[in-house]
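The primary structure of each chain is shown beneath.
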Amino acid sequence: MYYCGDVLKIGNYQLKNNLIVAPMAGVTDRPFRELCLRYGAGMAVSEMMSSNPKLWKTSKSQQRMVHEGESGIRSVQIAGADPKLMADAAQFSVENGAQIIDINMGCPAKKVNKKLAGSALLKYPNIIEDILRAVVDAVDVPVTLKTRTGWDTDNKNCVQIAKLAEDCGIQALALHGRTRTCMYKGEAEYDSIKAVKQAISIPVIANGDIDSPEKAKYVLEYTGADALMIGRPAQGRPWIFNEIRHYLENGTLMPELPLEEVKGILLGHVQALHQFYGEYLGPRIARKHVGWYLKEHEQAREFRRTFNAIDVANEQLDSLEDYFENVAS
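Computed from a predicted model, the values in this text were never measured in an experiment. (Residues numbered from 1 in each chain as written. Predicted model: local features only at pLDDT ≥ 70, side-chain atom pairs only at ≥ 80, totals over all residues. Heavy atoms only, no water.)

### With respect to the overall build of the chain
So, step 1. Along the chain, the regular secondary structure elements total 12 helices and 11 strands.
So, step 2. Dimensions along the principal axes, computed over C-alpha positions, put the chain at roughly 60 × 50 × 35 Å.
So, step 3. Residue burial in the chain is summarised as follows: out of 329 residues, 55% are buried.
So, step 4. Sequence separation of at least 24 residues holds for 67% of the intrachain contacts in the chain that already meet a minimum separation of 6. (Helix = DSSP H or I, 4+ residues; strand = E, 2+ residues; numbered from the N terminus. Buried < 20%, exposed > 50% of the residue type's maximum accessible area, 1.4 Å probe, protein only. Contact = heavy atoms within 4.5 Å.)

In structure tokens, the structure reads:
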């Protein structure tokens, strides 16, 4: 096996394997996390929760906090810029079932950054230190950090931030191989991840453009990272974790998933979204997921337009049944 049997431990929590689902706002809700865990992920991090207590009672936040009876290790991501509020959010999350707290210093979204949260903090190492210390001191569970290589290509400070994180008691660091300015454009680079791995002794998790089993093996070997974090490549392909795990263990590629199995996964996912979000929101949230599942299907372009106009749950399921029947025939 490629990772020599050293399965990642974060604090006292041992992951099932070294493949982690990245937190993605509006994507890694409970149905998606459960699906990725079922198809080979070792841990899934929840979508970020704001540290602003005024937002905790909103229905969106309430849904993000449903952790009861969840599979696997419950890692909850929090975002914000005020050390005290971040500490409170960490405590609140632990009271609601979080077993690991993850701090977001990687999100490049403008609406997050203008509040000085996410990757905007990379310009202010002193505030980063205050936040990390406050959160680590506030809870008895492991605290992890997700960040980027720097604010822009002229200001890559990830090695400095990584050392700071280790000094503050952070127990694992996930690093996306892009700067904030890169957003999601261009290609992720792995030299920075390699440099961080060599500079600190806490586990380092490589993130960014890991979209195939071969790429996964390359990134692990090149960076020396302890684990991989996968985000966008799992959208519409939650079984990518099984594919990567199989390749790392056996050196061979799994055969493509049969269409019938893809249909079963997709229909199950859409039903889970309907149940989780209800009759109104469920069908609307299902649309983007269906788009991701079918993006490789040449014949799906017309169908997606039709599907996106359907806002009744059972009609969505019927139309998907018809679609797969037509594709298979």
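### Here we look at the pairing of strand 10 (residues 204–207)
Two faces make up the sheet, and in a regular strand the side chains alternate between them.
So, step 1. Side-chain alternation along strand 10 places V204 and A206 on one buried face and I205 and N207 on a second face that is also buried.
So, step 2. In this structure, strand 9 (residues 172–176) lies alongside strand 10, joined through 4 bridges in parallel fashion. Across the sheet, H176 pairs through a bridge with N207, a residue of strand 10.
So, step 3. On the question of chirality, the crossover connecting strand 9 to the parallel strand 10 by way of helix 7 (residues 191–199) is right-handed. (Pairing = 2+ DSSP bridges. Right-handed = clockwise from strand over helix to strand, strands pointing away.)

### A closer look at the nonpolar core
So, step 1. Formed by 62 residues in total, the largest nonpolar core has its most connected members in I101, I103, L132, V135, L145, I170 and F241.
So, step 2. Counting residues per element, this core draws most heavily on helix 5 (residues 125–138), at 6 residues.
So, step 3. Other than its neighbours up to four places away in sequence, I101 contacts V76, I78, A90, S93, V94, V135, V139, V141, P142, V143 and T144.
So, step 4. Core analysis: the next-biggest nonpolar cluster, separate from the first, contains 24 residues, L257, Y277, I310 and L320 among them. (Core = buried A, V, L, I, M, F, W, Y, C linked by side-chain atoms within 4.5 Å.)

### Regarding helix 8 (residues 213–223)
So, step 1. Residues of helix 8 that are buried: P213, A216, V219, L220 and T223. Buried positions in helix 8, seen along its axis, are confined to an arc of 125 degrees and lie on one side of it.
So, step 2. G224 lies just past helix 8 and shows a positive phi near 75 degrees. (Arc of directions from axis to C-beta.)

### What about the pattern of salt bridges?
So, step 1. The final tally for this structure, using the stated rule, is 13 salt bridges.
So, step 2. Close ionic contact of D209 with R178 constitutes a salt bridge, the shortest N to O distance being 2.9 Å. Within this pair, whereas D209 is found in the loop between strand 10 and helix 8, its partner R178 is found in the loop between strand 9 and helix 7, the two being separated by 31 residues in sequence.
So, step 3. A relative accessible area of 18% means that D209 is categorised as buried.
So, step 4. The buried category is assigned to R178, whose relative accessible area is 2%.
So, step 5. With a shortest N-O distance of 2.9 Å, E243 and R237 are connected by a salt bridge. (Salt bridge = Lys/Arg side-chain N within 4 Å of Asp/Glu carboxyl O.)

### Some thoughts on the state of the cysteines
So, step 1. Counted under the stated rule, the structure contains 0 disulfides.
So, step 2. The thiol of C36 is not disulfide-bonded; the next cysteine sulfur, from C107, is found 19 Å away.
So, step 3. No disulfide involves C182; its nearest neighbouring cysteine sulfur is the one of C158, lying 12 Å away.
So, step 4. On the accessibility criterion, C182 (25% relative accessible area) is partly exposed. (Disulfide = S-S within 2.5 Å.)

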